[in-house]
Amino acid sequence: LEELAIVRDDSLEEWELDKALPRLPNLRKLILTGSHYCPDEETLTGYLKSCPLIDWIDFSHSGVHDDVLICIAQHCPRLRVMIMWSTQQVTDEGILAVARACPQLVSLNVSHVERGITDAGMEAVKALCPKLRARQVHDRWLGEEVHVY
């Protein structure tokens, strides 16, 4: 399995979601959206360590925060696409950790993350990721729009 999408609804308990995250060494695309729930750092670290090929992460509408982004930076060096749409606890610190560790990043969406991401932070991301062609912040695209599949 190369792609796993879990769109959590309110009927799924947090502990059930943690058990549902199987160890998939060939996983390339991880989508965990639809709730302000986020796996704890220990669970996520174990999961990301077991999936070294991940190059696409979408944690939109989740409880992701900077510690999770630092975990992603430590364990997902192949990351090319990161979507953090409407994740209100993400700041420049977390985004910059990913940018420093993932120079292959070509697309970044942090739209509707209005409090923690600054223009200066996004300029630093651009400098750290020379392949970055699309970044969306506050509903405006900065750079050439690309679609990565």
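What you see is a predicted model; the values in this text were computed from it and never measured.

Caption draft 1: Representation of the overall build of the protein within the structure. When helices and strands are tallied, the protein shows 5 helices and 7 strands. Shown N-terminal to C-terminal, the secondary structure of the protein runs as helices and strands in the order β-α-β-α-β-α-β-α-β-α-β-β. Within the protein, contacts between residues at least 6 apart in sequence are counted, and of these 72% link residues at least 24 apart. A total of about 7400 Å² of accessible surface is found on the protein, and carbon and sulfur atoms cover 50% of it.

Caption draft 2: Region of interest: the state of the cysteines. Here the structure, examined in full by the defined rule, presents 0 disulfides. Of all cysteine sulfurs in the structure, the one in Cys76 sits closest to Cys71, which takes part in no disulfide; the separation is 7.3 Å. Cysteine Cys102 shares no disulfide, and the gap to the nearest cysteine sulfur, in Cys76, comes to 6.8 Å. A relative accessible area of 0% means that Cys102 is categorised as buried.

Caption draft 3: Representation of the nonpolar core. Core analysis: the biggest nonpolar cluster contains 39 residues, and Phe59 and Ile72 have the highest contact counts within it. Taken together, the elements giving at least two residues each to this core come down to strand 1 (3–7), strand 2 (29–33), helix 2 (41–49), helix 3 (66–75), helix 4 (92–101), strand 5 (107–110) and helix 5 (119–128). With near-sequence residues (within four places) excluded, Phe59 lies in contact with Leu30, Leu32, Thr33, Leu44, Val64, Val68, Ile72, Ile83, Met84 and Thr87.

Caption draft 4: How the structure looks around helix 4. Among the 10 residues of helix 4, 7 are classified as buried, and the element is accordingly described as predominantly covered. Looking at helix 4, one finds that the buried residues are Asp92, Gly94, Ile95, Leu96, Ala97, Val98 and Ala99. Where helix 4 is buried, its residues touch helix 3, strand 4 (81–83), strand 5 and helix 5.

Caption draft 5: Spotlight on the pairing of strand 1. Residues Leu4 and Ile6 line the buried face of strand 1, whereas the alternating positions Glu3, Ala5 and Val7 sit on a face that is not buried. Across 5 bridges, strand 1 lies against strand 2 in parallel orientation. By the bridge assignment, Leu4 is partnered in strand 2 with Leu30.

Caption draft 6: Up close: the environment of Pro52. Here Pro52 shows up in the loop between helix 2 and strand 3 (56–58). Owing to a relative accessible area of 43%, Pro52 belongs among the partly exposed residues under this scheme. As for Pro52 and Leu24, which are separated by 28 residues in sequence, their C-alpha atoms are 9.3 Å apart. Excluding residues within four positions of it along the chain, Pro52 makes contact with Pro25 and Arg78.

Caption draft 7: Geometry of unusual backbone geometry. Its identity as a non-glycine residue notwithstanding, His61 has a phi of 55°, on the positive side. Following the sequence through the fold, His61 ends up in the loop between strand 3 and helix 3. On the basis of relative accessible area, His61 is assigned to the partly exposed category, the value being 33%. One non-glycine residue, Ser86, lies in positive phi territory at about 60°. With respect to the helices and strands, the residue Ser86 is situated in the loop between strand 4 and helix 4.

Conventions used here
- One numbering rule holds for all chains: residues counted from 1, following each sequence as written.
- The model is predicted, so local features are restricted to residues of pLDDT at least 70 and side-chain atom pairs to those at 80 or more, both for listing and for counting; the totals for chains, interfaces and linings are taken over all residues.
- Values shown for side chains rest on all heavy atoms present in the structure; no hydrogens or waters enter the calculation.
- Numbering of helices and strands runs from the N terminus, with a helix taken as a DSSP run of H or I at least four residues long and a strand as a DSSP run of E at least two residues long.
- Two residues form a contact once any of their heavy atoms are found within 4.5 Å.
- The Shrake-Rupley method, run with a 1.4 Å probe, gives the accessible areas here. Residue values count only the displayed protein chains as cover.
- We call a pair of cysteine sulfur atoms a disulfide whenever their separation is within 2.5 Å.
- Note on classification: 1.4 Å probe, protein chains only; a residue is buried when its accessible area is under 20% of the maximum for its type, exposed when over 50%, partly exposed between these limits.
- Here, the term nonpolar core denotes a set of buried Ala, Val, Leu, Ile, Met, Phe, Trp, Tyr and Cys residues that are joined through side-chain atoms within 4.5 Å.
- Pairing between strands is defined by DSSP: at least two bridges between them are needed.

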